Amino acid sequence: MSKFLNAYTALSPTTSRSEVADVLQSITNALPLQIDDVKRGELIQTIIDDLTKSNANGGKKSRLTSRDAAPALQAVKSLGKNPAGSEVIASSANLSALIALSRTYKDDLEASNEAIRCIANAMLLVEGARTTFIQKQVGGGEFALELLEKSGIPERIFLASRLLFLSTVSMLSAGDFIKSLVEAKPPGHPGNITEIVGSKLEVLTKAILSSAKFAREAMTDLLKFTFNLLLHYPKLVDDSSNKNEVKVMGDCWSDRLDGILPYLLRTFNTLPPSFPAPLVSPMTHVIHSLITIPVSPSLRNVWFPPNTNNRGSPIPSSKPSGSSESSSKASRPSSNSSSQAGSPTGGPSKDPKPGAFDRAWSALAAGRRSLSRSSSPHASSAPVDVLLRSYDLLDVSLNHYMPGTVDPDDVSVRDKCRKETDQTLDDVMTPLAVLITKLCQADEGSRLRMREWILPEDLDRTSPLEGRADLLGRLLRLLASVHHAKLKNAVGEMLYAVCDSDASTLASYVGYGNVAGFLFNKGIMGAPPPPRGSSGASAPTTTPSGVPINPITGVAEKPAPPIEMSDEEKEREAEKLFVLFDRLEKTGAIPKESNPIRKAIQEGKLG
């Protein structure tokens with residue numbers, strides 16, 4: 001069990017470099033159970049001490065030289081993958097030593113990066129290391145921020161972001177550090193944290209578009225760090241009078257963070273489509289960050305640029321997000337829900353999804369052009385149509401996981417999502433539905449557009465709405481889902497917001513039967529009355545051709561076929577009714593004045 005420690009301590013300053021390399025490689029390749037916890041700790045400490053001595057005196061009295069730094073730190077990293085080893089690395093002295101080594105070997109990126117990985121692994125496995133790292137005597141917070149600001153390649157940005165993400169997980173232990181990050185420089189200044197994060201998002205977006213190594217991983221961790229800032233800082237500086245009130249995501253905000261929104265929206269619009277799963281990281285983490293940001297008065301024009309489209313119209317009247325398509329193509333979501341594409345019998349050939357993919361690729365092309373022109377989101381002339389982008393992602397993603405008219409609770413849906421993303425459909429799709437809900441609740445134009453896309457006036461109501469092979473059908477089927485509880489509720493809230501947060505309007509559009517469970521959970525126990533017309537939704541009661549819409553199913557009423565009966569048959573049926581009501585009257589089930597047969601005889605309507 002101690003052979004690795006013995007082999008290492010047997011080395012000396014005069015040992016050949018090849019032998020040193022072999023010993024370090026054997027330590028790196030050692031299986032977890034080949035080294036016990038005590039020897040593991042001793043070995044880690046000895047290697048770190050030797051690296052520090054080598055750094056101090058040029059390696060004259062150390063087993064290691066500067067050329068051994070990278071493999072030695074790889075050995076420390078390997079030993080630290082065990083929690084017992086990370087406990088040793090997590091000490092204040094060792095974290096300081098590793099930071100110093102990373103700085104010393106800044107020109108040897110392999111060695112410098114390995115030192116940072118040792119720290120990151122320890123912070124991941126040992127919670128206390130996250131607090132120790134940002135203490136003043138260690139200076140890890142300043143080191144990580146400086147590393148992020150100065151790094152220009154994805155791998156270094158990834159490592160810096162991982163350190164900052166782990167350092168800011170806990171608002172309780174990292175509150176002062178989070179406040180210092182945001183408040184160190186005022187908004188708009190080069191050293192401001194939102195400017196630093198935004199500039200790195202721009203760098204990484206270009207890197208992702210060019211398929212650079214570590215680009216997606218770097219953006220994912222940078223966005224995790226960003227989410228921590230957006231979630232925790234507003235709560236830390238919240239000066240509301242009711243401190244005991246439980247605050248949830250989005251309830252608190254600070255205008256110091258306003259500057260991050262343009263960068264996030266541009267990233268949201270520019271990230272290329274992913275295959276086979278259409279919604280994966282880092283896009284999912286962009287969405288997580290966006291849902292923490294309110295539609296405040298100062299940010300309204302950022303969320304909804306006035307020149308994006310005519311927001312009073314349900315259909316975009318200009319090219320979305322720099323798309324090269326015409327406005328008619330931008331309005332394609334409307335036709336996706338129309339009678340032509342929405343019939344459950346239409347089959348795969350009428351699947352409307354290529355329109356959404358076309359817009360996604362057009363946005364990608366526009367993103368490439370705009371990124372080549374400027375690195376600042378404020379300089380981009382193409383406004384971000386966040387609603388259309390969100391709609392496309394929702395449409396394409398649900399079509400991917402629930403093709404055709406498949407039931408959301410079918411095992412294939414859960415298996416496919418788990419296989420492609422290692423997450424549940426709830427985890428993948430719910431934040432996107434929440435984002436759309438936020439936009440619709442805050443903006444009437446967004447509600448009108450979503451309503452026209454999902455519930456157009458020419459909607460085919462000749463067959464059950466929940467049986468459709470389009471987005472509307474999938475959303476309604478999700479409302480009856482058992483296995484996707486969070487997504488089910490989020491979809492209900494989204495449709496509710498699209499219908500002006502009015503239960504009557506929602507029931508009128510899709511039929512009370514489809515939303516009865518959702519409304520019941522909101523405390524609306526019975527069928528709501530028909531809308532009185534004051535709502536902006538103007539819920540339909542008839543189809544465009546004048547056919548009444550069934551309020552329970554949302555389907556057009558079919559005229560009842562005429563009953564063909566001879567006079568003798570009609571007389572027999574009348575006798576049966578007379579006998580039936582006479583029996584009910586005699587048993588006291590109905591009073592005399594309520595007997596319709598007796599009333600008809602008295603009024604002379606029956607001869």
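Treat the numbers as computed from the prediction; the structure is a model and nothing was measured.

About the thresholds
- Residues numbered from 1 in each chain as written.
- Predicted model: local features only at pLDDT ≥ 70, side-chain atom pairs only at ≥ 80, totals over all residues.
- Heavy atoms only, no water.
- Helix = DSSP H or I, 4+ residues; strand = E, 2+ residues; numbered from the N terminus.
- Buried < 20%, exposed > 50% of the residue type's maximum accessible area, 1.4 Å probe, protein only.
- Contact = heavy atoms within 4.5 Å.
- Areas by Shrake-Rupley, 256 points an atom, 1.4 Å probe, with all protein chains shown as cover.
- Core = buried A, V, L, I, M, F, W, Y, C linked by side-chain atoms within 4.5 Å.
- Disulfide = S-S within 2.5 Å.
- Salt bridge = Lys/Arg side-chain N within 4 Å of Asp/Glu carboxyl O.
- Expected span 1.5 Å × (residues − 1).
- Phe/Tyr/Trp six-rings, centres within 6.5 Å; stacked < 30°, edge-to-face > 60°.
- Axes fitted to C-alpha atoms, helices over the stretch in contact; angles between N-to-C directions.
- Parallel < 35°, antiparallel > 145°, perpendicular 65-115°, else oblique.
- Left-handed = near helix turned anticlockwise from the far one by under 90°.
- Nonpolar A, V, L, I, M, F, W, Y, C, P; charged D, E, K, R; others polar.
- Patch = residues over 30% accessible without salt bridge, like charges linked within 9 Å, V, L, I, M, F, W, Y side chains within 5 Å.
- Lys, Arg positive; Asp, Glu negative; His and termini not counted.
- Charge placed at Lys NZ, Arg CZ, Asp CG, Glu CD.
- Polar contact = N/O pair within 3.5 Å; in protein donor to acceptor, adjacent residues only side chain to side chain.

Below, the discussion takes up the overall build of the protein. Scanning the protein from N- to C-terminus turns up 30 helices and zero strands. Taking all 607 residues of the protein together, 52% fall into the buried category. Of all intrachain contacts in the protein linking residues separated by at least 6 positions in sequence, the fraction that spans at least 24 positions is 70%. When the accessible surface of the protein is totalled, it reaches about 27500 Å², and 53% of it is carbon and sulfur.

Generally speaking, soluble globular proteins have nonpolar side chains that are buried together. Among the nonpolar cores identified, the biggest contains 148 residues, and I47, F133, F225 and W303 are the most heavily contacted of them. At nine residues, helix α13 (residues 215-236) tops the list of elements feeding residues into this core. Ignoring sequence-local partners within four residues, the contact set of F225 consists of L148, S161, L164, F165, T168, L181, I193 and V197.

With the rule as written, the count across this model stands at zero disulfides. Summary of cysteine pairing: C499 is not part of a disulfide, and the nearest cysteine sulfur, belonging to C440, is at 9.7 Å. Relative accessible area serves as the criterion here: at 0%, C499 is assigned to the buried category.

Right, let's get into the pattern of salt bridges. Under the defined criterion, the tally for this structure stands at 18 salt bridges. K150 is paired through a salt bridge with E146; the nearest N and O atoms lie 2.9 Å apart. Of this pair, K150 and E146 both sit in helix α9 (residues 140-150), four residues apart, roughly one helical turn. Residue classification places K150 among the exposed positions, given a relative accessible area of 65%. Residue E146 is classed as partly exposed on the basis of its relative accessible area, which comes to 33%.

Our next topic: helix α10 (residues 154-167). Between the first and last C-alpha of α10 there are 20 Å, a value that for 14 residues agrees with the 20 Å anticipated at 1.5 Å per step. Burial of α10 is extensive: 12 of the 14 residues sit out of reach of the surface. Turning to α10, its buried residues number three or more, namely P154, R156, I157, F158, L159, A160, S161, L163, L164, F165, L166 and S167. Those residues of α10 that are buried are in contact with α7 (109-125), α8 (127-133), α9, α11 (171-183), α12 (193-209) and α13.

As a further point, take the packing of aromatic side chains. Within this structure, the stated rule accounts for three aromatic pairs. Between Y496 and F518, the aromatic rings sit 6.0 Å apart at their centres with planes inclined by 65°, giving edge-to-face as the arrangement. With Y496 in helix α26 (residues 485-498) and F518 in helix α28 (residues 512-521), this pair connects stretches of sequence that are 22 residues apart. Considered together, Y496 and F518 belong to a single accessibility category, that of buried residues.

Cis peptide bonds are those with omega within 30 degrees of zero, and the linkage from F275 to P276 qualifies with 0°. Examined against the element boundaries, P276 turns out to sit in the loop between α14 (260-270) and α15 (283-290). A cis amide bond links S281 with the next residue in sequence, P282, at an omega value of 10°. Located in the positive-phi region is S211, a residue other than glycine, with phi close to 60°. Looking at the element boundaries, S211 is found in the loop between α12 and α13.

Let us now look at the packing of helix α6 (residues 92-104) against α7. Two numbers describe how α6 lies on α7: the axes approach to 8 Å, and their chain directions differ by 155°. Classed by the angle they form, the pair α6 and α7 counts as roughly antiparallel. Crossing of α6 against α7: the hand is left-handed. Listed contacts from α7 to L95, L98, I99 and S102 of α6 are S112, A115, I116, C118 and I119. Its residues placed into classes, the contact of α6 with α7 shows seven nonpolar, two polar and no charged.

Let us now look at the packing of helix α25 (residues 471-478) against α26. Contact pair α25 / α26: the axes reach a minimum separation of 8 Å and the direction vectors enclose 125°. Between α25 and α26, the angle falls in the class oblique. Relative to α26, α25 is oriented so that their crossing is left-handed. Of α26, the residues touching α25 (which contributes L475, L476 and L478) are L487, K488, V491, M494 and L495. Residue classes in the contact of α25 with α26 are distributed as seven nonpolar, no polar and one charged.

Glancing now at a negative patch on the surface. Together, D567, E568, E569, E571 and E575 make up a negatively charged patch on the protein surface. With respect to the element layout, E568 can be found in helix α29 (residues 567-586).

The subject of this paragraph is the environment of H483. With respect to the helices and strands, the residue H483 is situated in the loop between α25 and α26. With relative accessibility at 44%, the residue H483 sits in the partly exposed group. Expressed as a C-alpha distance, the spacing of H483 and T424, which sit 59 residues apart in the sequence, is 9.7 Å. Apart from residues no more than four positions distant in its own chain, H483 is found in contact with D409, R414 and D426. Here R414 takes part through its side chain, which lies 3.5 Å from a polar atom of the side chain of H483.

Moving on to the side chain of N595. With respect to the helices, strands and loops of the structure, N595 is situated in the loop between α29 and α30 (596-602). Overall, the relative accessible area of 4% leaves N595 in the buried class. Setting aside anything within four residues of it in sequence, one finds N595 in contact with F581, D582, E585 and I590.

Turning our attention to the environment of H400. Note that H400 resides in helix α21 (residues 386-401). Note: C-alpha distance between H400 and A277 (123 residues apart in sequence) is 7.5 Å. With sequence-adjacent residues up to four places away left out, H400 is seen in contact with P276, A277, P278, K416 and E420. A distance of 3.5 Å separates a polar side-chain atom of H400 from the backbone oxygen of P276. Only 2.8 Å separates the side chain of H400 from the side chain of E420, close enough to count as a polar contact.

This brings us to α6. Between its first and last C-alpha, α6 extends 18 Å over 13 residues, near the 18 Å set by a 1.5 Å rise per residue. Turning to α6, its buried residues number three or more, namely N94, L95, A97, L98, I99, L101 and S102.

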